[in-house]
Structure formats: C-alpha cells, structure tokens
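# Coordinate inspection notes
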Amino acid sequence: MSDNYKDTLNLPKTAFPMRANLGKREPSRVEHWEKIGLYQKLQDKNAGKPAFILHDGPPFTNGELHLGHALNKTLKEIVLRYKASQGFRTPYLPGWDCHGLPIEHKVTKELQAEGKDLPTAELRDKCDAFSEHWIDIQRSQFKRLGVLADWENEYKTKKPAYEAEILRTLASFVDQDLVYRSKKPVYWSIPCATALAEAEIEYKEHTSPSIWVAFDIPSKEQFGIEKPLSVVIWTTTPWTIPANLAVAVHPRLTYAFLEAGDAVHLVAKDLAEQFASDLGLEDWKIVKEIKGEELENVESRHPFIDRASPIVLADYVTTESGTGCVHTAPGHGQEDYMTGLKYGLDIYCPVNDEGKYDDDGQVPDFLVGESVLEEKGWVPANGKVLKALAESGALLKKVNYKHSYPHCWRSKTPVIFRAVDQWFVAIDKEGKRASALESIKDVKWIPDWGEKRITANVEARPDWCISRQRSWGVPIPAFYDDEGEAYMDAGVIKAIADKVATAGTNLWYTSTAEELLEGIELPESWQGKTLKAGTDTLDVWIDSGTSHFAVLKDNDDLAWPCDLYLEGSDQHRGWFQSSLWTGVIRAGQAPYKSILTHGFLVNEDGSKLSKSDGAMTLMHYMDKFGSDVVRLWIASTDFRNDVGISDNILSGVGNAYRLFRNTLRFQISNLFDFDYEKHALPIDELHELDRWAVHKVGELAAATEKAYDNYEFHKVFQLCNQFASVTLSSLYHDILKDRLYTLAPDHSLRRSSQTAFYHIFKTFVRILGPIMPFTADEAWSYFTAGEDFTEDALVLQDWPSEAKEWQDENLANDFIELFAFRDKVNEKLETLRSAGEIGRSLDAYVSIAGNPDAEDFQRLQRYEHALEELFIISRIELTDQSASELSVAATKATGGRCPRCWRWEPQLSNGTENTELCSRCAEALKNA
RNA sequence: GGUCCCAUAGCUCAGCUGGUUAGAGCAUCGUGUUGAUAACGCGAGGGUCGUUGGUUCGAGUCCAACUGGGACCA
C-alpha cells in the first residue's frame, strides 16, 4: 500500500557508487589525469601567480617503494595540492638519487653470481640500468599513489648535466681552498674495500675478546718500585696492538701501583678494585699512588715489538671501564689520532686495503698477511696477536665482551678504523662552520626543535670526508703523478665539468688522463708531469646535496632558495645538512626557507618496524586499501611524531573513509533534480536550519584552512571527521530527509536545503581534496558532470574562501543550545523506545514545559516552528509553567500515521483526494 | 654512553597562558530503522592523563628523576 507513495517521494538518486573499490578503480583515474594532462593544467591555471616551491628530496633508486616513501611523498602532495588551491604556482619536479654503494653492491653481487668481473665503465652501465629499472617502478608507484608532478622533467643525480653540477660544487670547494688530502682514520669496510661515511654504519651487538695487557715499564726505580712494573691497558681489538704507539692516561686521575704477587701493575685508583677482581687477584695492595699528569712521557715497552710506547695524557680517558690506561694506536682510532697528532706520533697503520698486515719492516713476520676481518666469528689476526702476547707474558687476562660495535651497513661485517689517504673538506676554514650556523637561523624549522637538532649536528661534525673507493658515482677529478702526489685544481674541475655536462662521467672511465685534460689549460705546477686519473668517487651526499643547484638555480620556473624541504627527521644529519653546506659554501646561504620534518613509521605499540618486512611495500597497501585510505591514514596522524601503522589503525581509517564517501554521496544524490542557476536561493534567504548548516561549513573551512597553513593535517582530518559524522550525518542530514523526500520538488524549503547542500558539498569536497584526491575528484565529477570523469578536475578548483563569509555566530549560538536540548529529547525518546512503545522518533509526541521568563524556554518558543523538524518528531507542545524547571516528556504519538511521510497527525487529511494522507503530503501531491 | 623528541580511553586526536565530576570521532556493547541499506539514527559502558617525587590553596597542564618508545650520534 504505502509502496505506491514511495514512488511519489523525491528519493536520492546517483550513479556515484557507494562501494569505493579503490584498489581497482584508482588506476583508471590516474590514467584519466595523465590523459587530460592534469599536472600541466594545474600549472597553467596558476601561471603568473606567486610561486610556492617545494624541493623534492630524491629517494634512493634501489628497490620497491614502501610505506615510508608514501608517508613522505603524500605529505608533499597534500602541501602542494593545498597551496595550488590557494592560488600558488606549484611546479613540482620529483627527483631520484641514483649513485651509491648499495646499488653498486647489488650489481656487483649479481655479476659475481654470473662469474663476471667487468671493467669499471661497464659496471657503471649496469648500475645505471639497475637504477633506471627501479626509477621506472618507483615512478609508476608514486603515480599510483596520486602524486601529481612534472614527471617529464624529473631530475636524476646520474644525468650528465646534474653530474656536471656536482663537479662545479666541488670546484667551488676547491676554489676556496677547502679541499685537502690527508691520512686519517676512517671507518673501513674490508669486504667493500672502501671507507664508509657515518651514514653507512650501523651499530650492532658484537662479542669481542677483551684483553688486559701489561706494558713493561723498565724505569721502575724512579717510582721506587723493585718488582717488575707494568702499565695495564684494556682493549677489545687485539689486532690493533701491533699498531700501538702509546698508552694514554687522564692527567687528573689518580693512578695506583698495585702489587700482587711478584708484579706491580699501574692502573687508575678508582678501578683498582675492579681490576683485581676482573683478574682474580687475591692478595693485592696499593703500594703507591700518583697523579696521571706525573706519568707523562714515562716509557713503557711494546709487549712483542721492540718499540717504545710512551705514556701520554688525554682528557677522554674515563674510569667507566678498563683500567684507566688506554691503548693508543693513532692509525686506528679517532681519539688516538688526535692524541697522536698532539704528541707527534706517527699515524701508523700497518693494515692494508684488504684488512691484512703489511710487511712494512715493523710488523713481525708471524703477523704479515694475517687478516683482521672477522669471518664466522673468528679474527685470524686476533688469534696470532693473543698468542704473541701470551708468549711474552704480557696477556694478563682474556674474556669475551659483548658491546655495541659499528658494522658496515652493506656487508654487515664489523668495520675497522684505519688511517688512509682521503679527500676532505675543511669545515672550519674560512669561517664556514660559523656561516653554516648563522644560516640555520634564517630558516624556519618545523617543529622548532629541528633547529636545535641541526645546530648540534653542524657544531659537532668533523671535516667532511668526501672520497669513496667506489665506481658507481661521480669521479673525484684528481690526478696523480708517478710519486703518487695528488693534483686538484678548481679551473680544471670546471673544464672537466663542461665536458661531463654532455658526455657524462663515464668519460672519466673511458678516457686516458691526456684525453681528459685535452684542451684544458693546466696550472703551472701541473706542467710536464705524467699524470694518471684518480679512481675515487665522491661521497653521494654531495650528489643529493647539490640538487638545489642542479634543479632550482638558474631555473626561471623555480626559485632558489626554495620555500620548503619536507623529509624525515633523520635528514637533519643527512640531506638538510649536506644541502646546507653546499649552499653556504658555494652560494653563501641555506638553499631553503623552511624545513618540515616527519617522524618514522612504527608499529601500533610504538616499536620499530622491521624494514625488511615485505608486507610493508607500498603496493601491498595500494592493492589492499587503495591510495586514498593510505593517504587518509597519513593525514589522520600527527606526523611530527612517529606514525603508527597496523591493520587495526588502517581499518579505523577505512571507517572514516567510508563516512566521507557516504557523506559526499548523500549530498550528490539529493541534488539530482537541483539546478543551481534555476533553483538556488541567496544565502541570506535560506531557511534558518540551512543557514546554520552553511555557517558550519564556513566554520569548517576557516578552521581547516588554518590547520593546512600550519601543516597540521591531522587537525583537518579530525575537523572533517566530526563535521561529517556529527554536523552532517547525525544532525543536518538526518533532519533534512523529511524535507528533501516528502516536500514537493520545487517547494522553497526543499530548494533552500538543496542550496545549502550545494554549497556544503562544494566546500567540503575541496577541503578533502588534498587528502583524498581520488575520491574527492570522483565525487566532484559526479557533482559537476554526473559521471565518473571530468576534465574540469577538482584539483583545478580554488580553495573555498567564500565559505568564510557564511558564518553567523548568533544563529550558531542558538543552534548549539537547541541541539543540546535535542540530546535531552533523545534520551526521553530512547526510554520510550526501550519500553517498546516507539520505533523511529517520528512515532513520538514531545511536550516541554518551562518558565516563560527563562532564557532557554524563550529560545524554544522562538524556534517552536522548527522544533518538530529538529527533533524529528511528529508534534511538539510548549507549555508555560511559571516557577517550574524546564521539563521534557515524550509519549507515543496518537491519531494516524501518514503512510507517505510517516509523521503522525491527530487527524489525517479529510480532503477529497488521498484521504489517508496528512495534509502536508496531500498538498505536496496536489502539485505533482 | 651522549644529544634531541614522544608518552591523555582499544585506535586517531583535543585539552589555550595551571582552577569545578578530563573531551571528540572511530571501535565495543545494547537498540531502532529498512525511503543514504555492506548505509543511517538513538543510548550505554570505557581513562588512578607512563611512574615517582616536588612547586602551588589547586597540576593532564610547571619542575626534577625514573620507565618505556623513537631519531641521530658515539
């Protein structure tokens, strides 16, 4: 029966699917965007406007994208889409970091498996192809994520023009006389045969043999000691003993002469007890004490090499472990090196590139050729050294010791510290460090602690070791004569850069030195020398640190310095810093105006994610949840801290996604017969409820704009979420169904609501756009064109600034009170409902009694005409009741239920037609 | 070990310059509707604000230490 009337209702209609099926449907939207040239359209739209330049940090091109990449790129995307909607010109050139050890390592391994050993130039070709392969994959995955960018003009650190720029950066360093060559202890990976940057090292638990070694002090009489005297050192790297040149003590510590049995040992007094217990000494006593500084230059003897090992003073000696007497090998440790320089000791390193002892005339025969590399938990050199120490009686004790030790990130083997010739950039020369620190202050750091962090990093960093003994990178343009003397010149480098700009750096590996230098004017000191080209490559941090020159500078479309760098907080030590140094040295200032950082991905419980987890790949999540859900997840979190990820979290985001989608869908579907030009009412003529709803979306627009401006996307998310679930779904939409469905299509109230829907949709969808561009664009297409795709894409629409004008605080305050009162009504209705008296709220009548002098009751009276609708009930009754508190009562409705609108009336229509209907429905149908 | 960051309901977040019984959305449970229907409404439960001290008349909010987690560095 009532089904007939259903057909007379204006029920919502839309082709916009309820089910998103994102994993499947998003790719076709990517295709559509490409087809219509959306990126270019966006640039054209804002052409000539002020620019907002975000400079893209290049991901390393050696594998599948994972969620961390998505986090970073999505944040950039959100920023740019938002800025574009604000009318900024937002050219976006994505980039790729192509050179580097991890790629070379992988490629070399593949070649090894095939039994091939290629010449450098061919190896580099393979590396090139390898990175290109991953660039293609990564690019398509970024596109799949929805990244709208200038993929035609992406930058790559391996492109010839870019490589030339890297060399020019180096040339500017050389020009300012900052580059020097020096023997210096560096981390050295034996399997990779290369020095490692700090960034290439990871610390892991490691078990080393810790040993106590006695260094005999012949001149014991000067201390009044008769029994044999020795100073005792403690070390966890026995293989460095052959390189020992000194024993360091702290000048202000007190040292004890500890007599036990037939020997006297010199150790720090505070550690004497520990020492005795470590060695299991039972009968011991301190026979004398002495200040560390009095021990300076006392001679001790190397335990098995005929060589003096003087006692030296050093502030870094502590009493936290060991004996307070520190084994010092200047060629094998940073601090030892400093001490060596101070005392004029040789920077002695008898270990060669392969990690084996050299035959240098000092290393005993039994050690020559022994390896210091640990293989299967065994270090051959340690064994031999321990044996020699034991034979000489110097080894007091050996016990296995577990500690955190640096490992090569690639080969996973323990690294060694070893002095080799390297190229360095002098950080403190010409006040460069001071300039860098000064430049930091000109940058806006978000969050603000970033400034503290990079300042600490810049203050603490040692000179920049820029050479690597690798092939896949930009060659260091240095030449060597027959004596091994190095030649480097800024003019020559610039000239070579010009050649590289067209030929690429492979030139270095396919040409002789003469060919390389052909046509280049050589400095005087180079004349007449037979020169060979060097084989080192540059630290890849110079590669990426040069991007702002290679990409931004001299590009009229872009800007230098740029507005924003946006990367993970680890880049305070990495890219932010390398870019800062190159910027400051070569151009006198930081290349960025602001830095925004995000945290790291962690599990739901806050623990670290394992990077090797295959399920972390971006495509896994694209297929399972779709890009918009992933993006919404990113937007929902406060990314300045660590970002949690789990199925639980994502399914929560999935709920929010469905809420947004259905909200948009509900609005579109109720606008099916609405033509803005024909039916819209002016904002100030809208019915008060609609006026209120329009106010609310204006409020939302203002709040989200502020949040976007502050890069607080999680606030955008929270605001939108509450807007959709409370303001719309629970209140406005629910209340409006009656009007939209049951009134005559052209009824002014219905058109009023549709006008509001229209504005709310247009505003809300644009607010959501940067965060969930696929769904927003899809909804936009259905809204504007009634179909899945449109050329006039959502991202081309400007920010809904007009919405701010719609706010009406007085009206809003009334509604806050009315809706608060609505909660009280709902409680009463719920009581009726659980008593089984009513089902939907329309089945109830509500009566309210209150004091006509009270403000809240007056407000209800003022809005009496709207209350039935607001509370979604069939009848409201206000009763004056002086001197009493406001009271609410709900009863089951009486009379008849209109089969069309389901509202109850005491008496249904007794008109001539449709006699079983309520008067309003009868009226609605009359005009149909 | 050092520097820095974080810690509020199962989840994601609010809680401004310290001030009555700590909020929201989601999730959960109960329930209604079947004219947004793999959707929507209504109601309810759920937090000793990481711990311990301190400052204060009063602290989630300030200070210190500790615990846990994270980043970077040694």
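Numbers given to residues run from 1 along each chain, matching the order in which its sequence is written. Labels are handed out in written order, letters beginning with A for the chains and numbers beginning with 1 for the ligands. Residue-level local features of this predicted model are given only where pLDDT is at least 70; pairs of side-chain atoms are given and counted only at 80 or more, and the full residue set underlies all totals for whole chains, interfaces and linings. Hydrogen atoms and water are omitted, and side-chain values are computed over all heavy atoms in the structure.

Turning our attention to the overall build of chain A. The numbering of helices and of strands both runs from the N terminus, where a helix is a DSSP run of H or I of at least 4 residues and a strand a run of E of at least 2. Per the secondary structure count, chain A includes 30 helices and 32 strands. Against the 2.2 N^0.38 benchmark of 30 Å for 928 residues, chain A shows a C-alpha radius of gyration of 38 Å, more extended than a compact globule. Exposure classes here rest on a 1.4 Å probe applied to the protein chains alone. A residue is buried below 20% of its type maximum, exposed above 50%, and partly exposed in between. Burial status across chain A gives 58% buried among its 928 residues. Within chain A, contacts between residues separated by at least 24 positions form 77% of all contacts whose residues are at least 6 apart in sequence. As presented, chain A carries roughly 38800 Å² of accessible surface, and 46% of it is formed by carbon and sulfur atoms. Positive charges come from Lys and Arg alone, negative charges from Asp and Glu alone, with His and the N- and C-terminal ends not counted. Charged side chains are reduced to one point each, which is NZ for Lys, CZ for Arg, CG for Asp and CD for Glu. Side-chain charges of chain A comprise 103 positive and 143 negative groups, with the mean position of each set lying 4 Å from the other. For the radius of gyration, the atom set is restricted to C-alpha positions; the globular benchmark scales as 2.2 Å times the number of residues to the power 0.38. In this analysis, two residues are considered to be in contact whenever any of their non-hydrogen atoms come within 4.5 Å of each other. Working definition of accessibility: Shrake-Rupley area with a 1.4 Å probe, residue cover restricted to the visible protein chains.

Further remarks concern helix H28 (residues 855-862). Within H28, the full set of buried residues consists of Phe857, Arg859 and Leu860. Taken around the axis of H28, the buried residues stretch over an arc of 155°, which confines them to a single face. Among the structural elements, helix H27 (809-834), strand E28 (844-850), helix H29 (864-871) and strand E29 (875-880) are those in contact with the buried residues of H28. Here the arc refers to the directions that run from the helix axis out to each C-beta atom.

As a further point, take the domain arrangement of chain A. Looking at chain A, the domain boundaries give domain 1 (3-9 + 634-807), domain 2 (198-417) and domain 3 (821-926). What marks off one domain from the next here is an automatic or database domain assignment. Placing the centre of domain 1 and that of domain 2 at their C-alpha centroids yields a distance of 72 Å.

Note the cis peptide between Ile446 and Pro447, where omega equals -5°. With respect to the secondary-structure elements, Pro447 resides in the loop between strand E17 (444-446) and helix H12 (449-460). For the peptide bond that leads from Trp560 to Pro561, omega is -5°, which places it in the cis range. With respect to the helices and strands, Pro561 occurs in the loop between helix H17 (547-552) and strand E24 (562-568). For Tyr711, which is not a glycine, the phi torsion comes out positive at approximately 60°.

Turning our eyes to something else, we now look at the pairing of strand E4 (residues 179-189). One face of the sheet, then the other: side chains in a regular strand alternate in exactly this way. The pairing criterion for strands is at least two bridges between them, as found by DSSP. Here 10 bridges tie E4 to strand E16 (residues 416-425), and the two strands are oriented antiparallel to one another. When the sheet's bridge partners are listed, Lys183 is paired in E16 with Asp421. Pairing of E4 with strand E5 (residues 194-196) involves three bridges; the strand directions are antiparallel. If you follow Trp188 over to E5, its bridge partner there is Ala195. Hairpin connection between E4 and E5: a loop of four residues separates the two successive antiparallel strands, and Ala193 in this loop has a positive phi of roughly 50°.

All right, on to the sheet that holds strand E14 (residues 325-328) then. Ordered in space as E12-E13-E8-E14, the four strands form an open sheet in which the pairing is mixed. Each edge of the sheet is formed by a strand with only one pairing partner; in this case those strands are strand E12 (299-301) and E14. Here the average twist between neighbouring strands, direction ignored, is 35°. Note: strand E8 (residues 246-249) against E14, four bridges, orientation antiparallel. The residue of E14 that forms the bridge with Ala248 is Val326. Axes here mean lines fitted to C-alpha atoms, for a helix over just the part in contact, with angles spanning 0 to 180 degrees between N-to-C directions. Set on the sheet, helix H9 (residues 334-343) makes contact with strand E13 (308-313) and E14; between it and E13 the angle comes to about 100°.

Let's shift gears to the sheet that holds strand E11 (residues 284-291). Strand order in this open sheet of six strands is E11-E9-E10-E7-E6-E15, and the pairing throughout is mixed. One side of each edge strand has no neighbouring strand; the edge strands of this open sheet are E11 and strand E15 (395-408). Averaged over all neighbouring strand pairs, the angle between strand axes comes to 25°, with direction disregarded. Pairing of strand E9 (residues 254-260) with strand E10 (residues 263-268) involves six bridges; the strand directions are antiparallel. Each residue of the ladder has a partner; that of Tyr255, found in E10, is Ala268.

As a further point, take the environment of Asn244. Inspection of the secondary structure puts Asn244 in the loop between strand E7 (229-235) and E8. Sequence separation of Asn244 and Arg307 is 63 residues, and the distance between their C-alpha atoms is 9.4 Å. For Asn244, the contacting residues outside a window of four places in its chain are Phe215, His302, Arg307, Ser309, His327, Thr328 and Ala329. Pairs of N or O atoms are called polar contacts if they sit within 3.5 Å, as long as, within protein, a hydrogen donor faces a hydrogen acceptor (for residues adjacent in sequence, only side-chain-to-side-chain pairs). Side chain to side chain, Asn244 and Ser309 meet in a polar contact 2.6 Å long. At 2.7 Å, the side chain of Asn244 forms a polar contact with the side chain of His327.

Below, the discussion takes up the nonpolar core. The set of buried Ala, Val, Leu, Ile, Met, Phe, Trp, Tyr and Cys residues whose side-chain atoms join them within 4.5 Å is what this entry labels a nonpolar core. The biggest cluster of nonpolar side chains holds 136 residues, and the ones touching the most others in it are Leu67, Trp633, Tyr732 and Ile848. Tallying contributions element by element places helix H24 (residues 713-742) first for this core, with 13 residues. Among the domains, domain 1 (3-9 + 634-807) and domain 3 (821-926) are the pair contributing at least three residues each to this core. Trp633 has contacts with Leu67, Leu601, Val643, Gly644, Ile645, Ile649, Leu650 and Val653, leaving out every residue within four places of it along the chain. Counting residues in hydrophobic clusters, the runner-up holds 65 residues, among them Ile53, Tyr155, Val443 and Val492.

Further remarks concern a negative patch on the surface. Among the surface-exposed residues, Glu354, Asp358, Asp359, Asp360 and Asp365 lie close enough to one another that they form a single negatively charged patch. Asp358 sits in the partly exposed class, given a relative accessible area of 30%. Exposure above 30% relative accessible area and no salt bridge define the residues that can form patches, which grow by joining like charges within 9 Å and nonpolar side chains of Val, Leu, Ile, Met, Phe, Trp and Tyr within 5 Å. Take a side-chain nitrogen of Lys or Arg and a carboxyl oxygen of Asp or Glu: if they are within 4 Å of each other, that pair is a salt bridge.

It is possible for side chains bearing opposite charge to pair when their charged atoms get close. A complete count under the given rule lists 55 salt bridges for this structure. In this structure, the salt-bridge partner of Lys73 is Asp56, at a minimum N-O distance of 2.8 Å. Of this pair, Lys73 sits in helix H4 (residues 67-85) while Asp56 sits in the loop between strand E1 (54-55) and H4, and the two are 17 residues apart along the sequence. Taken individually, Lys73 and Asp56 each receive the classification buried, so the pair is uniform in this respect. A salt bridge links Lys156 to Glu154, with the nearest nitrogen and oxygen atoms 4.0 Å apart. By relative accessible area, Lys156 is classed as buried at 12%. Three or more residues joined by partner-sharing salt bridges are found here, namely Asp128, Glu132, Asp136, Arg139, Glu154, Lys156 and Lys158.

Residue placement: Ser547 occurs in helix H17. Given the relative accessible area of 0%, Ser547 is considered buried. Each C-alpha atom of the pair Ser547 and Glu165 lies 8.5 Å from the other, and the pair is 382 residues apart in sequence. Beyond its immediate sequence surroundings of up to four residues, Ser547 is in contact with His55, Tyr155, Tyr162, Leu552 and Trp575.

This part takes up helix H10 (residues 380-392). The end-to-end C-alpha distance of H10 is 19 Å, a good match for the 18 Å that 13 residues give at a rise of 1.5 Å each. Of the positions making up H10, those classed as buried are Ala381, Asn382, Gly383, Val385, Leu386, Ala388 and Leu389. Immediately beyond the C-terminal end of H10, within one or two residues, lies Gly393, with a positive phi of roughly 80°. One less than the residue count of a helix, multiplied by 1.5 Å, gives the span that helix is expected to have.

Next up on the list: the packing of helix H20 (residues 627-636) against helix H26 (residues 773-785). At their nearest, the axes of H20 and H26 sit 7 Å apart, and the two run at 120° to each other. Regarding the angle of H20 to H26, the classification is oblique. Here Ser627, Asp628 and Arg631 of H20 lie close against H26, whose contacting residues are Pro773, Phe774 and Thr775. Just so you know the grouping, Ala, Val, Leu, Ile, Met, Phe, Trp, Tyr, Cys and Pro go in nonpolar, Asp, Glu, Lys and Arg go in charged, and all remaining residues, Gly too, go in polar. In terms of residue class, the contact of H20 with H26 is built from two nonpolar, two polar and two charged. Under this scheme an angle from 65 to 115 degrees is roughly perpendicular, one under 35 degrees roughly parallel, and one over 145 degrees roughly antiparallel; angles in between are oblique.

The next point concerns the protein's contact with RNA strand B. In this text, near means that some heavy atom of the residue lies within 4 Å of the molecule or strand in question. Near RNA strand B you find 52 residues, and of these Gly606, Asp638, Asp642, Asn721 and Gln722 are the closest. The sugar and phosphate moieties of RNA strand B supply 78% of its atoms located within 4 Å of the protein. Between Ser729 and RNA strand B, the recorded distance is 2.6 Å, taken from a side-chain N or O atom to a phosphate oxygen. Contacts to RNA strand B include Arg900, whose backbone N or O atom sits 2.8 Å from a base nitrogen. Going through the elements one at a time, H12, helix H21 (647-669), H24 and H27 are the ones with two or more residues in the surface near RNA strand B. Residues belonging to the surface near RNA strand B are distributed by class as follows: 12 nonpolar, 21 polar and 19 charged.

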